[in-house]
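# Structural overview
Listed below are the residues making up each chain.
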Amino acid sequence: MSVAAQCRVRTRVEGTVQGVGFRPFVYRLADELGLAGFVLNDERGVLIEVEGGEREVERFLDRLPAEAPPLAAVERVTPARVALVGEGTFRIVESRRRGQPDALVSPDTATCEDCRRELFDPADRRYRYPFINCTNCGPRFTIVRGVPYDRPLTTMAGFEMCAACRAEYEDPGDRRFHAQPNACAECGPRARLVAPDGAEREAADPLRAAAEQLLSGAVLAVKGLGGYHLACRAEDEGAVARLRARKHREDKPFALMAPSLESARELVELGPDEEELLRGRERPIVIARRRPGARVARAVAPRSRDLGVMLPYSPLHQLLLADAGTPLVMTSGNVSDEPIAYEDADALRRLAPIADVFLVHDRPIHMRTDDSVVRSRAPGAPLILRRSRGYVPGSVALPLAARRPLLACGAELKSTFCLAKGRRAWVGHHIGDLQNWETLRSFREGIEHFERLFAVEPEVVAHDLHPDYLSTRYALEREGLRPIGVQHHHAHLAACLAEHGEGGPAVGAIYDGTGHGSDGTAWGGEILVGDLGGFERVGHLLPVPLPGGDRAVREPWRMACAWLSEALGELAPPAPGVEADRWRDVAELARRGGPAAPPTTSVGRLFDALAALCGLRSAVNYEGQAAAELEGAADPRERSAYPLPTSGPVLDPRETVLAARSDLERGRPVAAVAARFHNALAAATADACAAAADARRLGTVVLSGGVFQNRLLLERTDEALRRRGLKVLVPRLLPPNDGGIAYGQAAVAAAREAP
Ligand SMILES: [Zn+2]
Ligand SMILES: [Zn+2]
């Protein structure tokens, strides 16, 4: 009798393999193939040993990456032969807790179809249980306190599983096998309704009661996955206006949550790409064109042609929306620009003046995360505007390994940080504008948490060149680290190259609001040639004074005044809605220049000027508002363009501004003027990039910076460059705005550290 050759193989699996049902999958696979051995989670991922017939072991190794569970991302499988031990069974072994943690924690994931079915099935034991989850869905990043990802190191540690839950948890054949947040109404977290003074409101079913409150016009504070939201019925004019007034938010649009895809379709125009984004497991807010006649209160998104819509992503949201049966405003639980509230006591204190009633629960949130925001650009190409819940802490590769572990601190607005080790970079969640103590605290805590989670002890710290950014100061205060200053627009260029796995050199058109230039002035309309390590500024927008500094950012009419004065060389008549005296004073301020009117090449400010000339907006309430409204006003069918000549390295839009003004004086509609301006800038940008590419024999152009959140500008520029046979790279995994800066700094620092 011949016995088939036996062998034993030890396999290490790296990637996102914890908290995603990987061990039960391995167990079932080994079981099916009749193999013995074990699987365990450790700090580096998953370790497996299998023993059995050669052919079965080989098949096991083939199927391991190919059939991995949906939330897993297997990056590396490293098998090695070891000595036979003669085991008879396959086991799942308790986690090991020593050495260097490098295992990856997965992002929070929207309720899967199986759980959703159970949630609404009256016969299921978790019928209407707002915290249902399984290995394929549920909270992850927001509840993880440390690694390895196991229940005691999550905020579920305080809940002891009942016998039924424990049986599922221990059954390798069950969908909830080792699902760390597994729970039911018997043993798990509970929802409660609370008055703003903290008193408990009796309710047999808190979810139904909350929905009834919403339908009768209340503003509800809801504790969700990564923080609190403020909610009210989207079509209730009174409730939305009250919410806006109490939140002290003038006109920044509120996001909506629709009960279903069908309901979302009634609010906004959705193509297949938008629908895919909406339904994806990340469940971001998707920005799309508002449908005429969409039933939402005026105060939801005043003056915006778009609406931000998302679908329910947690079982609690599923129930709330199903019970309400109508779209809700679902905006971050904060006042004005503060960070979103996530700790219960703090939320109650801060939101009591805003909310009429609170829907809370007793599962702590460890990490605050905002909703992510995306829009679709072209088939298969999402444009991420805010990268947070659902995406974080997924890692992004670096094209070249960091020689030493590093930290990158980002910029100031839309702040994020980035840690990197080897070729892996972890970009933190959106922190917000790093301008006060509260956001700085989130920033520090976020960095500390990520350092622990991914075991990165940085030896290098990358930062912006702006000396006054809190992120720069934080970087320079970290002791014993090698600081590397990275120019803002170079970081934008590097971020886009690196996420595409490229190292350059390439041409980059980097347009944004402002960034500290290498020469100490405020840049923001830059044509660069560079790679990850360095860059050269080969072109830029004509510099004009920024009359009144930061005030010019808040009052776009000042930029209209600066640009018209620059173009005419004399005092122009005031833009719509501006008093003649103030106009004259600002023109004078611009003429004198100096520290009160420093020069800037910002394309964001040029958009402001045009928006003010068009009479769209003379003052803004949030960053980028004027530009967004100018884009919203533009008629995409308009194909003609104003002149925008280039002289030497300078893009000179003086003629553009004058042409727009004379069109407006002749009564041409704003829709046409706005579009002709976009077309002019796109054409000039493409010309300048093509010339730079020609001169250096380069074939690739990067378009990035916050201004390229503007889809019309991005698409027109992209088209024009492709027509010239150039390859165009646009950010896909990270935002084109300053949310992508930290990762770009990390890429630059890794390149500068390279031997
Ligand atoms: Zn599930
Ligand atoms: Zn239970």
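## So, the sheet that holds strand β1 (residues 6-16)
Sheet strands pair by backbone hydrogen bonding; their relative direction is either parallel or antiparallel. Taking strand neighbours across the sheet as the criterion, the five strands line up as β4-β1-β3-β2-β5 in an open arrangement whose pairing is mixed. Two strands bound the open sheet, and with one partner strand each, they are β4 (73-82) and β5 (90-92). Taking the axes of each pair of neighbouring strands and ignoring which way they run, one obtains an average angle of 15° across the sheet. Relative to strand β3 (residues 45-53), strand β2 (residues 36-42) runs antiparallel, the two being bridged by seven bridges. When the sheet's bridge partners are listed, Leu 40 is paired in β3 with Leu 47. Relative to the sheet, helix α1 (residues 22-32) contacts β1, β2, β3, β4 and β5, its axis offset from that of β5 by approximately 175°. Relative to the sheet, helix α2 (residues 54-66) contacts β1, β3 and β4, its axis offset from that of β3 by approximately 150°.

## Overview of the packing of aromatic side chains
Aromatic ring pairs are defined here through the distance separating the ring centres and the angle between the ring planes. Summed over the entire model, instances satisfying the criterion amount to 13 aromatic pairs. Between Phe 22 and Phe 25, the aromatic rings sit 5.5 Å apart at their centres with planes inclined by 70°, giving edge-to-face as the arrangement. Of this pair, Phe 22 and Phe 25 both sit in helix α1, three residues apart, roughly one helical turn. You'll find Phe 22 and Phe 25 in the same group, each marked buried. Taking 5.0 Å as the distance between ring centres and 80° as the angle between the ring planes, the aromatic pair formed by Phe 607 and Phe 677 counts as edge-to-face. With a gap of 70 residues between them, Phe 607 in helix α17 (residues 603-613) and Phe 677 in helix α20 (residues 670-696) connect regions that are remote in the sequence. An aromatic cluster of at least three residues, connected via ring pairs, comprises Phe 141, Phe 417, Trp 426, Phe 443, Phe 450, Phe 454 and Tyr 474.

## Here's the deal with the coordination of the zinc ion (ligand 1)
Tetrahedral coordination by four donors sets the ideal angle at the metal to 109.5 degrees; octahedral coordination by six donors sets it to 90 or 180 degrees. Every protein donor of the zinc ion (ligand 1) is accounted for by Cys 112 (SG), Cys 115 (SG), Cys 134 (SG) and Cys 137 (SG), and the metal-donor separations fall at 2.3 to 2.4 Å. Of note is the zinc ion (ligand 1), whose four donor atoms meet at the metal with angles of 103 to 121° in an arrangement that counts as tetrahedral. Within one chain, the residues donating to the zinc ion (ligand 1) are spaced in sequence as C-x2-C-x18-C-x2-C. A residue pair is termed long-range when its members are at least 10 positions apart, and Cys 115 in helix α3 (residues 113-119) and Cys 134 in the loop between α3 and α4 (163-170) qualify at 19 residues.

Criteria and cut-off values
- Residues numbered from 1 in each chain as written.
- Chains lettered and ligands numbered in written order.
- Predicted model: local features only at pLDDT ≥ 70, side-chain atom pairs only at ≥ 80, totals over all residues.
- Heavy atoms only, no water.
- Pairing = 2+ DSSP bridges.
- Helix = DSSP H or I, 4+ residues; strand = E, 2+ residues; numbered from the N terminus.
- Axes fitted to C-alpha atoms, helices over the stretch in contact; angles between N-to-C directions.
- Contact = heavy atoms within 4.5 Å.
- Phe/Tyr/Trp six-rings, centres within 6.5 Å; stacked < 30°, edge-to-face > 60°.
- Buried < 20%, exposed > 50% of the residue type's maximum accessible area, 1.4 Å probe, protein only.
- Donors = N, O, S within 2.8 Å, 3.2 Å for Na, K, Ca; no water.
- Tetrahedral: all angles 85-135°; square planar, octahedral: opposite > 155°, others 65-115°.

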